[in-house]
Amino acid sequence: MTGINTLPEGDTTIAVYGTMGVAAAGNTPGGRGASFTWTDQSGNFWLYSGVALTTSPRDLWEFNPSTTLWTWMAGDIQLQADYGVQGVAAATNTPGGRYYGSTWTGADGKLWLFGGVGFADYLNDLWSFDPNTVMWTWEKGSNTASARDQNSLDGSLGVYGTQGIAAAGNTPSGRSLPISWQDSNGRFWLFGGYGFDANSITGWLNDLWMFDPSSGEWTWEAGNNTLVALDSNGDYGRKGAYGTRGQGSKKNLPGSRYAAQAWVDSKGIFWIFAGLGADSNGVLGPLNDLWSFDPSSREWTWVAGNDTTNNIPGEGPGGTYGTKGTLSASNYPGGRVGASTWTDWSGDLWLFGGNGFDANNYLNNLNDLWVYSPSTGEWGWMDGSSTAALYDNGPQPGVFGTMGQFAPENTPGGNDNAMAWTDSSGNLWLFGGLATDSQQKVNFMNAGWEYRFTSSFALSSSVSSLSISAGEQGTSTLTVAPLNGFNSAVSFTCSGLPSGATCAFSPTTVTPLGKNSVTTQLTIAVSSSASMAKPRARPFVPYAALAILFGSLGIGLRRRRLSRWMLFLIAALPMLAVISACGGGSTAGGGSGGTNPPPETANVTVTATAGGLQQSTTIALTVN
């Protein structure tokens, strides 16, 4: 990893704004966590508000990962919101200082924001920001706290409408730390969080919502609009309906929860891991279950983890780390909240830190880095520590190294609620959070980190074998798939070809662009002379006939009947000549000059090369 804009160890800097709209090396948002984040269509990172040591500023920042420069784009250090007129963009509009909400980037490039906690209220307002005009628009939801709960907390009530039916008046209730995704159609999905139900009760929610930007309407998709008491401690929520592990069903539904980890994989499937919430028995506690949701079928699947949490309040399951760098079905992260997540180019899911349980079941801010492969169902512990110190000793410290330089030993310290992005090359970026420096001091930091993958590519063939006759040719389509931002020229060679065979590629080199794979056609040609070079069986019948003839001649000589056998020999010689010319009788395939040889086989290795990188694939070749 490498640190970008790291602060002095143990410190939390105040923001350095510079000039609005102008990038500069000295600019920094300052230490903060739980901010709202986006990645725009140009691959730049955006950050809004969040929680700092003493305030939640309403400032908006842009970060360019290519130049590693911050730009203060809008807002200031004040807290209050200015809603303006609903549906109308204005330079003076601002959502106000807030944290623990949800975001997504629209197909039109606008940045969207929902809810969170602001002015000590649970909010349900929906905003959009246009990077081109640098203006906010209050789109939907309430601009006032309309309800007070059983604990005198204020927030906005939801309008659920009819489940499964979109309506202009529908809106989720005010909440914090919901789980959110964006589907392939640009629609925004929201699940759970901590907030208000329809009866002004606050607790852990399990309702599922979908917002369609094209219609501007919310749909209550699943879950409950009211909460029930989970225990005698005043906790409200809904227990999970897990069903059968690995089997999707519309009857399945995760229990109420907040601060879970969420991803969207390369197939458009939504994922949830852990969080704090209710298990299958309605027991509230730290969870370690893994769920997937198919937005097309509307089915939840309990994939892995436990369907129960410990009955002892405040305890949860530890992790099984295995061997660092190795994926295994037996590996599994400990339960946690507030971790940072990414999805890489191949659709694998990445998770860093959060507040959770280590390999020894200790609860602390973690600094472990994990990857999950949806295709294999395996977790891998990739970096960081498998153990966290007790609270008395502080979380694992960071190893900062030299700013701007990658090193295997570099790693962030234990961190909770850091902000995360993925750049256009598939690298993972981390900023701020409630973080730990090298001296185990914990505070809201402004340290920035990059986890860079090694760029590479994968090579595959459309066929695994080819059968070619002499004088003919066969083809295969070779696909080069870029990994982690790979964009170099790739050339090709063949080895292991039999005598008389050649290979060619069209085009001779390919260069991937973005995430798109590229192809070339491999042609293997076998010359007509290749069959001539093969050894053939000697004719058997003429020589056998001659042996019989001369054997008989010897017998005849012994019997003094020379004249009769000489006449027989003279008569038989023309017949032997005909048999010899025909190759000694019948042959497989009727070929001339003797019996056809057996087919020749070879394993042809196709190698793709880009600088020092090489990948290969093998094709089984049969020459007839």
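Residues numbered from 1 in each chain as written. Predicted model: local features only at pLDDT ≥ 70, side-chain atom pairs only at ≥ 80, totals over all residues. Heavy atoms only, no water.

### Considering the overall build of the protein chain
- Across its full length, the protein chain carries two helices and 44 strands.
- Among the 624 residues that make up the protein chain, the fraction classed as buried is 49%.
- Taking all contacts inside the protein chain whose residues are at least 6 apart in sequence as the whole, residues at least 24 apart take part in 57%.
- Summed over its atoms, the accessible surface of the protein chain is roughly 26,700 Å², and 51% of this surface lies on carbon and sulfur atoms. (Helix = DSSP H or I, 4+ residues; strand = E, 2+ residues; numbered from the N terminus. Buried < 20%, exposed > 50% of the residue type's maximum accessible area, 1.4 Å probe, protein only. Contact = heavy atoms within 4.5 Å. Areas by Shrake-Rupley, 256 points an atom, 1.4 Å probe, with all protein chains shown as cover.)

### Considerations on the nonpolar core
- Among the nonpolar cores identified, the biggest contains 23 residues, and Val480, Val490 and Phe492 are the most heavily contacted of them.
- Elements that contribute at least two residues to this core include exactly strand 36 (456-461), strand 37 (465-468), strand 38 (473-483), strand 39 (490-495), strand 40 (501-506), strand 42 (518-526), strand 43 (600-610) and strand 44 (613-623). (Core = buried A, V, L, I, M, F, W, Y, C linked by side-chain atoms within 4.5 Å.)

### Re the layout of surface pockets
- In this structure, the largest pocket spans a volume of roughly 1,800 Å³.
- Along the wall of the largest pocket there are 48 residues; nearest its centre are Thr37, Thr103, Ala262, Thr341 and Ala420.
- When contributions to the lining of the largest pocket are tallied by element, the ones reaching two or more residues are strand 2 (36-39), strand 6 (102-105), strand 13 (179-182), strand 20 (261-264), strand 26 (340-343) and strand 31 (419-422).
- Broken down by class, the residue content of the lining of the largest pocket amounts to 21 nonpolar, 21 polar and six charged. (1 Å grid on protein atoms, 1.4 Å probe; cavity = no way out; pocket = protein on both sides within 12 Å on 5 of 7 lines; lining within 4 Å. Points joined across faces, edges and corners; volume = space filled by probe spheres on them. Nonpolar A, V, L, I, M, F, W, Y, C, P; charged D, E, K, R; others polar.)

### What about the environment of Asn624?
- Tracing the backbone through its elements, the reader meets Asn624 in the segment after strand 44.
- Looking at Asn624, the relative accessible area reads 39%, which means it is partly exposed.
- Considered as a pair, Asn624 and Pro599 are 25 residues apart in the sequence and their alpha carbons are 4.7 Å apart.

### Some remarks on the sheet that holds strand 40
- Within the open sheet, the four strands sit side by side as 36-38-42-40. Their pairing is antiparallel. Each end of this open sheet is capped by a strand with a single partner; those strands are strand 36 and strand 40. In this sheet, neighbouring strand axes are inclined to one another by 25° on average, regardless of whether the strands run parallel or antiparallel.
- Here six bridges tie strand 40 to strand 42, and the two strands are oriented antiparallel to one another. Among the inter-strand pairings, Ser506 is bridged to a residue of strand 42, identified as Gln521. (Pairing = 2+ DSSP bridges. Axes fitted to C-alpha atoms, helices over the stretch in contact; angles between N-to-C directions.)

### Examining the packing of aromatic side chains
- Inspection of every chain in the model, using the stated rule, returns 58 aromatic pairs.
- Ring geometry for Trp350 and Phe453: centres 5.0 Å apart, planes at 65°, overall edge-to-face. Taken together, the positions of Trp350 in strand 27 (residues 349-357) and Phe453 in the loop between strand 35 (448-451) and strand 36 put the pair 103 residues apart, joining distant regions of the chain.
- Phe453 gets classed as buried once you look at its relative accessible area, which sits at 14%.
- The structure contains a cluster of three or more aromatic residues connected by ring pairs, namely Tyr17, Phe45, Trp61, Phe63, Trp70, Trp72, Trp421, Trp429 and Phe431. (Phe/Tyr/Trp six-rings, centres within 6.5 Å; stacked < 30°, edge-to-face > 60°.)

### Description of the side chain of Asp344
- Take Asp344: it is sitting in the loop between strand 26 and strand 27.
- A polar atom in the side chain of Asp344 sits 2.9 Å from the backbone nitrogen of Asp348.
- A polar atom in the side chain of Asp344 sits 2.9 Å from the side chain of Trp350. (Polar contact = N/O pair within 3.5 Å; in protein donor to acceptor, adjacent residues only side chain to side chain.)

### So, empty space enclosed by the protein
- Inspection of the entire model under this criterion finds three cavities of 30 Å³ or more.
- In this structure, the second largest cavity encloses a volume near 50 Å³.
- Along its surface, the second largest cavity is lined by Phe400, Pro412, Gly413, Asn415, Phe431, Gly432, Ala435, Thr436, Met445, Ala447 and Trp449.
- Among the residues making up the lining of the second largest cavity, the classes are represented as seven nonpolar, four polar and no charged.

### Quick word on the sheet that holds strand 30 (residues 415-416)
- On the basis of which strands lie adjacent, the open sheet formed by three strands has the order 30-33-34 and antiparallel pairing. The two strands at the open ends of the sheet, each matched to only one other strand, are strand 30 and strand 34 (442-444).

### A look at the confidence of the model for the protein chain
- Looking at the protein chain as a whole, the pLDDT averages 87, with 86% of positions reaching at least 70.
- Counting interchain partners and residues more than four positions distant, the pLDDT-below-50 stretch residues 1-11 has 54 contacts.
- Low pLDDT (under 50) marks residues 575-593, which in the prediction has 18 contacts with non-local residues, meaning those over four places away or in another chain. (pLDDT = per-residue confidence, 0-100.)

### Observations concerning the pattern of salt bridges
- Counted according to the given criterion, the structure contains 10 salt bridges.
- With a shortest N-O distance of 2.8 Å, Asp183 and Arg187 are connected by a salt bridge. Both residues of the pair, Asp183 and Arg187, belong to the buried class.
- Between Glu221 and Arg298 there is a salt bridge; the shortest N-O distance is 3.2 Å. Placement of the pair is Glu221 in strand 16 (residues 217-222) and Arg298 in the loop between strand 22 (284-294) and strand 23 (299-304), with a sequence separation of 77 residues. (Salt bridge = Lys/Arg side-chain N within 4 Å of Asp/Glu carboxyl O.)

### Considerations on the pairing of strand 29 (residues 378-383)
- Relative to strand 29, strand 24 (residues 327-328) runs antiparallel, the two being bridged by two bridges. Within strand 29, the position partnered with Ser328 by the bridge is Trp379.
- The pairing of strand 28 (residues 363-373) with strand 29 spans five bridges and is antiparallel. Across the sheet, the residue bridging to Ser373 is Glu378, located in strand 29.
- Between strand 28 and strand 29, which follow one another and run antiparallel, lie four residues, and Gly377 among them has a positive phi close to 70°.

### With respect to unusual backbone geometry
- That bond from Ser506 to Pro507 is cis: its omega, 0°, falls within 30 degrees of zero.
- A positive phi is found at Ser200, a non-glycine position, where the angle reads about 65°.
- Here Ser200 is to be found in the loop between strand 14 (188-196) and strand 15 (202-212).

### Quick notes on the environment of Thr508
- Along the chain, Thr508 turns up in the loop between strand 40 and strand 41 (509-510).
- Take Thr508: its relative accessible area is 57%, and that puts it in the exposed class.
- Not counting residues within four places of it along the chain, the set of residues in contact with Thr508 comprises Val490, Ser491 and Phe492.

### Observations concerning the side chain of Thr202
- Residue placement: Thr202 occurs in strand 15.
- There is a polar contact of 2.3 Å between the side chain of Thr202 and the side chain of Asp149.
- Not counting the four nearest positions on each side in its chain, Thr202 is found in contact with Asp149, Gln150, Asn151, Tyr194, Gly195, Phe196, Leu227 and Tyr236.

### Overview of the pairing of strand 26
- Side-chain alternation along strand 26 places Ser340 and Trp342 on a buried face and Thr341 and Thr343 on a face that remains uncovered.
- Where strand 26 meets strand 27, four bridges bridge the pair, whose relative direction is antiparallel. Counterpart to Thr343 in the pairing with strand 27 is Leu349.
- Here strand 26 folds back onto strand 27, and the loop between the two strands holds five residues, one of which, Gly347, carries a positive phi near 90°.

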